[in-house]
Amino acid sequence: IKPTVTLQPSWTQIYSGETVTVRCEIQGGEGAQWTYEWRAAKLNTPPTSNEYRIIRATESDSGGYSCRGRRDYFFSEWSDIITLTVSSSNRPVVTLYPNWSEIYRGETITVRCEIHGGDTEWDYEWETNSMIKAPNQNEYRIRSASSSNSGNYRCKGRMKSSQHKTTEWSDSVTLTVSDNKPRPVLTVSPSWLSPGASVTLNCEVEHPSAGWSFYWYKAVPDLSEKSSSYELLPDGSGTAQDSYIIHGQTHTAGYVCRAGRGDPEYHTDHSQPKFVWSADVHSAASLTVSPDRVQHFTSDSVSLTCEGNFTEWRVRKFSEDGRLYSDCRRMTGSTCDINTSKSDTAVYWCESGSGEFSSAVNITVQNDGNGPILVSPVHPVTEGASVSLSCSLRTQKILSNVFFYHNDKLIQNDTRGELKISAVSKSDEDFYKCQYSGRESAQSWMSVKGEQDQKIFYFFLMFIISFISLLKYFVNLLYLILLS
């Protein structure tokens, strides 16, 4: 025969001042004259009792309890040990679920009061300085939170069986609800595409560790709304990682991200669009610049012309200070005319009404009216081709005594007025600037595209033409067969 030790109430953890009864029960031994022996030894007074009532428990009452029965000369086995823990304090704990100390207007969060020792045996009392008071339950679910829910929350419990017995007040937990909807910040690397390079998008939100998942979109131009629509990228829905890698991107493109968290899911605003630019002039849309150079003086007349088989265009501009502009001040048909100022130093590209992006170009405006500018091509130079760089003042081209620099290293300082490269190679791709009479131009990047890139393009073009011709042949053949 093996007895069982039970606790009444059946809480193995209680707090100082509470009452509990430890009882030894022998199944099948009803009616028999049993005496009882206990471990711990202090319960053996009186030694024959089958239960021991602990009134106003203290930490010294903590420990393991077991018993056995005796009848005449027969002893039962010792019972299994039951462990009682008496804690010095029954202070509740306020928790937030999810555990976000700052949330945003419209999110859902639960404020919970946790008391060890049996939640169903407690009534709850809340104290908060928020404008909305919490109910007298162990948890308070805030749906569609607002700033009125901001404040400090603390709670205490009152025993249902004995209303005069209460816990201490919990420590306060602060909840902050922001009325401002968050907007993540998207970064794109690299900004300019090079053959074979991958594009990495990073989406940054406030409190980045707080359970966010991320959504990734391609920005598609929408000229009717003077904005963009967003198309979800492949596998770009709800990723756990705050980065997304795009392989094989060859043309100028815009991207957007946003984040979500919680249940039901709360979404941030979309980020501002960020762009990766390509100088590839073989795309369905292209941009030409007249005069055909990167650098210009203030008050120069510069024309940006969008080219391609489209009827609607807009010219976009990303300025040095990080601002994105969607409208050209003077747009005639597909041409944007600019009377240059320092603020026109920017990256420019075209967007068609069908959602196509053109190649992108850099424009630099020289603010020093007496200084020179470097005359260099706007678009990439094909590998193996020749190119000439020169230096010009506002009133005239400089014909002699010009110093040329390649990545800040002097490479030509004789009487010539031009830097001629007879067969451009990839190693020539870099920054260049010129100097005349002690005044330097700004530096500009000269891009070099591989000759192989052109061959691939023309091969692809010929393949498409051949495929269409073959398709037309089979359609005509099918038509003749059906007629016969």
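Everything numeric here is computed off the predicted structure, so don't read it as measured data. (Residues numbered from 1 in each chain as written. Predicted model: local features only at pLDDT ≥ 70, side-chain atom pairs only at ≥ 80, totals over all residues. Heavy atoms only, no water.)

A.B. asks: Help me understand the overall build of the chain in this model?
C.D. replies: On a plain count of helices and strands, the chain comes out with one helix and 42 strands. A compact globule built from 484 residues would reach a C-alpha radius of gyration of about 23 Å, whereas the chain, at 40 Å, exceeds it by more than 25%. For the chain, the spread of C-alpha atoms along the principal axes amounts to about 125 × 80 × 45 Å. Expressed as a percentage of its 484 residues, the buried residues of the chain come to 41%. Taking the contacts inside the chain whose residues are at least 6 apart along the sequence as the reference set, 61% of them involve residues at least 24 apart. With the model as given, the accessible surface of the chain reaches about 26300 Å², and the carbon-plus-sulfur share is 49%. (Helix = DSSP H or I, 4+ residues; strand = E, 2+ residues; numbered from the N terminus. Rg over C-alpha atoms; globule rule 2.2 N^0.38 Å. Buried < 20%, exposed > 50% of the residue type's maximum accessible area, 1.4 Å probe, protein only. Contact = heavy atoms within 4.5 Å. Areas by Shrake-Rupley, 256 points an atom, 1.4 Å probe, with all protein chains shown as cover.)

A.B. asks: What's the story with the environment of Cys257 in this structure? I'm lost.
C.D. replies: Looking at the element boundaries, Cys257 is found in strand S21 (residues 253–261). With relative accessibility at 0%, the residue Cys257 sits in the buried group. As a C-alpha pair, Cys257 and Arg439 span 182 residues in sequence and 44 Å in three-dimensional space. In contact with Cys257, other than residues within four places in its own chain, are Pro184, Leu186, Cys203, Tyr215, Trp216, Tyr217, Asp269, His270 and Ser271.

A.B. asks: Help me understand the sheet that holds strand S9 (residues 93–97), please; the structure alone is not making it clear to me.
C.D. replies: Taken in spatial order, the three strands of this open sheet run S9-S11-S13, and their pairing is antiparallel. For this open sheet the edge positions go to S9 and strand S13 (139–142), each flanked by a neighbour on one side alone. Within this sheet the neighbouring strands show an average axis-to-axis angle of 15 degrees, counted without direction. Where S9 lies against strand S11 (residues 109–114), five bridges are found, and the strand directions are antiparallel. The residue bridging Val94 from the neighbouring strand is Cys113, located in S11. (Pairing = 2+ DSSP bridges. Axes fitted to C-alpha atoms, helices over the stretch in contact; angles between N-to-C directions.)

A.B. asks: I tried to follow the UniProt feature "domain: Ig-like" (unreviewed entry) in the chain on my own but got confused; where do I start?
C.D. replies: Look at the UniProt record and you will see "domain: Ig-like" (unreviewed entry) annotated at residues 3–87, 92–176, 182–259 and 372–447. What you have in residues 372–447 is 0% helix and 46% strand, and the ends, taken at the C-alpha atoms, are 21 Å apart. (UniProt positions renumbered as here; feature names shortened; annotations may be inferred.)

A.B. asks: I tried to follow the pairing of strand S15 (residues 173–178) on my own but got confused; where do I start?
C.D. replies: Residues in a regular strand point their side chains to alternate faces of the sheet. As judged from the three bridges shared by strand S10 (residues 102–104) and S15, these two strands associate in the parallel manner. Considered in S15, the bridge of Ile103 is made with Val177. Where strand S14 (residues 151–159) and S15 come together, three bridges link them in antiparallel fashion. Each bridged residue has a counterpart across the sheet, and for Tyr153 the counterpart in S15 is Val173.

A.B. asks: I keep staring at the sheet that holds S15 and nothing clicks. Help me out?
C.D. replies: Adjacent strands of a sheet pair through backbone hydrogen bonds, lying either parallel or antiparallel. The strand order across the open sheet built from four strands is S10-S15-S14-S12, with neighbouring strands paired in mixed fashion. Where the open sheet ends on each side, the last strands, each with one partner, are S10 and strand S12 (122–128). Put simply, the sheet's adjacent strands are angled 30 degrees from each other on average, direction ignored. Direction of pairing for S12 relative to S14: antiparallel, over a ladder of seven bridges. Of the residues in S14, the one forming a bridge with Tyr124 is Gly157.

A.B. asks: What is the right way to read unusual backbone geometry from this model?
C.D. replies: Leave glycine aside and you will find that most residues have negative phi; peptide bonds, for their part, are mostly trans. In this structure, the amide linkage connecting Ser189 to the following residue, Pro190, adopts the cis form with an omega of -5 degrees. Checked against the element boundaries, Pro190 lands in the loop between strand S16 (185–189) and strand S17 (199–204). Look at the link from Asp263 to Pro264: it is a cis peptide, with omega at 5 degrees. Assignment of secondary structure puts Pro264 in the loop between S21 and strand S22 (266–267). Positioned with a positive phi, Ser299 is a non-glycine residue whose angle comes to about 70 degrees. Here Ser299 lies in the loop between strand S25 (295–297) and strand S26 (301–307). We classify Ser299 as exposed; its relative accessible area is 52%. Despite not being glycine, Asp408 shows a phi value in the positive range, around 70 degrees. Relative to the elements of secondary structure, Asp408 occurs in the loop between strand S36 (403–406) and strand S37 (409–412).

A.B. asks: Would you mind going over the state of the cysteines with me for this structure?
C.D. replies: What is meant by a disulfide is a covalent connection between two cysteines, made through their sulfur atoms. What the rule picks out here adds up to six disulfides. In this model Cys328 forms its disulfide with Cys336; the gap between the sulfur atoms is 1.9 Å. Its S-S torsion of about 85 degrees marks the bond between Cys328 and Cys336 as right-handed, since a negative value means left-handed. (Disulfide = S-S within 2.5 Å.)

A.B. asks: Just to check I follow, could you spell out the nonpolar core for this structure?
C.D. replies: One broad rule of soluble globular proteins: the nonpolar side chains tend to lie buried together. Residues Leu201 and Trp216 are the most contacted members of the largest nonpolar core, which totals 58 residues. Per-element accounting of this core gives the leading share, four residues, to S21. Ala285, Leu287, Val289 and Val294 belong to the second-largest nonpolar core, a separate cluster that totals 19 residues. (Core = buried A, V, L, I, M, F, W, Y, C linked by side-chain atoms within 4.5 Å.)

A.B. asks: Any chance you could explain the side chain of Ser76 here in plain terms?
C.D. replies: Residue placement: Ser76 occurs in the loop between strand S7 (74–75) and strand S8 (82–87). Here the side chain of Ser76 touches Gly69 through a polar contact of 2.7 Å, landing on its backbone nitrogen. Setting aside anything within four residues of it in sequence, one finds Ser76 in contact with Ile1, Pro3, Arg68 and Gly69. (Polar contact = N/O pair within 3.5 Å; in protein donor to acceptor, adjacent residues only side chain to side chain.)

A.B. asks: Looking at this structure, how should I read the environment of Arg293?
C.D. replies: Position of Arg293 among the secondary structure elements: in the loop between strand S24 (286–290) and S25. On the basis of relative accessible area, Arg293 is assigned to the buried category, the value being 17%. For Arg293 and Ser224, which are 69 residues apart along the polypeptide, the C-alpha to C-alpha distance reads 32 Å. When neighbours within four sequence positions are excluded, Arg293 is seen to be in contact with Asp300, Ile363, Ile373, Val375, Ser376 and Val378.

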